[in-house]
Amino acid sequence: MQTRSRNTEAAQRFAERRRREDEAPRLAAIVPALATLRLEIEERRGSTTAGNPKHVRLVVVESAPALFDIPCGDHACRDGGHDVTGSIVRGLEAHQARIEVEDTCHGSLGSATCGTVMNVVATATYK
């Protein structure tokens with residue numbers, strides 16, 4: 001029964017995320033000069049980064065929403081995540097080639113605050 005509840009919660013979060021992406025303005029409309037965008041994402045708990053996952057997202061500028069709301073990587077985290085939209089969009093509008101954002105998750109792990117720290121490095125090129 002608990003597995004079904006978790007699956008339902010995940011489906012609801014996915015549907016809400018999809019709705020927000022569909023309603024968001026397109027990145028190409030906000031920053032028409034943007035040619036490419038690459039996001040390097042790294043998360044850490046505490047002060048160490050050793051062994052923490054780092055991944056790269058290549059953004060399809062022509063169709064991507066101007067929404068950079070990245071879910072928390074800790075699967076036990078509830079109601080957390082990292083909305084770095086404002087910082088990244090401001091940097092892109094200023095035609096910055098490199099934008100670095102750090103954000104702390106304020107979701108919950110049981111009765112404690114999650115506290116996972118995400119570092120996002122956005123690398124952009126312009127036409």
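Residues numbered from 1 in each chain as written. Predicted model: local features only at pLDDT ≥ 70, side-chain atom pairs only at ≥ 80, totals over all residues. Heavy atoms only, no water.

Draft legend 1. The arrangement of the nonpolar core in detail. One finds Leu27, Leu37, Leu39 and Leu92 to be the most contacted residues of the largest nonpolar core, which totals 22 residues. Going through the elements one at a time, β1 (34–44), α3 (85–93), β5 (98–104) and β8 (117–126) are the ones with two or more residues in this core. Sequence-distant contacts of leucine 27, defined by excluding residues within four places in its chain, comprise Leu34, Leu37, Val59, Val61, Ala64, Pro65, Ala66, Phe68 and Leu92. (Core = buried A, V, L, I, M, F, W, Y, C linked by side-chain atoms within 4.5 Å. Buried < 20%, exposed > 50% of the residue type's maximum accessible area, 1.4 Å probe, protein only. Helix = DSSP H or I, 4+ residues; strand = E, 2+ residues; numbered from the N terminus. Contact = heavy atoms within 4.5 Å.)

Draft legend 2. Spotlight on the environment of valine 84. Locating valine 84 in the fold gives a position in the loop between β4 (82–83) and α3. Taking the relative accessible area as the measure of exposure, valine 84 reaches 3% and is therefore buried. Spatially, the C-alpha atom of valine 84 lies 7.4 Å from that of aspartate 103, the residues being 19 residues apart in sequence. Excluding residues within four positions of it along the chain, valine 84 makes contact with Phe68, Ile70, Val101, Asp103 and Val120.

Draft legend 3. The sheet that holds β8, seen in detail. As summarised here, the arrangement of the four strands in space is β2-β1-β8-β5, forming an open sheet in which the pairing is antiparallel. Among the strands making up the open sheet, the edge pair consists of β2 (54–59) and β5. The sheet shows a mean angle of 20° between the axes of neighbouring strands, direction not considered. This element, α3, spans β1, β5 and β8 of the sheet and lies at about 170° to β5. (Pairing = 2+ DSSP bridges. Axes fitted to C-alpha atoms, helices over the stretch in contact; angles between N-to-C directions.)

Draft legend 4. Inspection of the pattern of salt bridges at higher detail. Tallying each qualifying case throughout the model produces 10 salt bridges. Here glutamate 16 and arginine 19 are joined by a salt bridge, their closest N and O atoms 2.5 Å apart. Here glutamate 16 and its partner arginine 19 are both found in helix α1 (residues 2–23), three residues apart, which amounts to about one turn of the helix. Accessibility expressed as a relative area gives 35% for glutamate 16, which makes it partly exposed. For the salt bridge of arginine 19 with glutamate 23, the shortest nitrogen-to-oxygen distance reads 2.6 Å. With arginine 19 and glutamate 23 both in helix α1, this residue pair falls four residues apart, about one helical turn. (Salt bridge = Lys/Arg side-chain N within 4 Å of Asp/Glu carboxyl O.)

Don't take any of this as a statement about function, it's just geometry.
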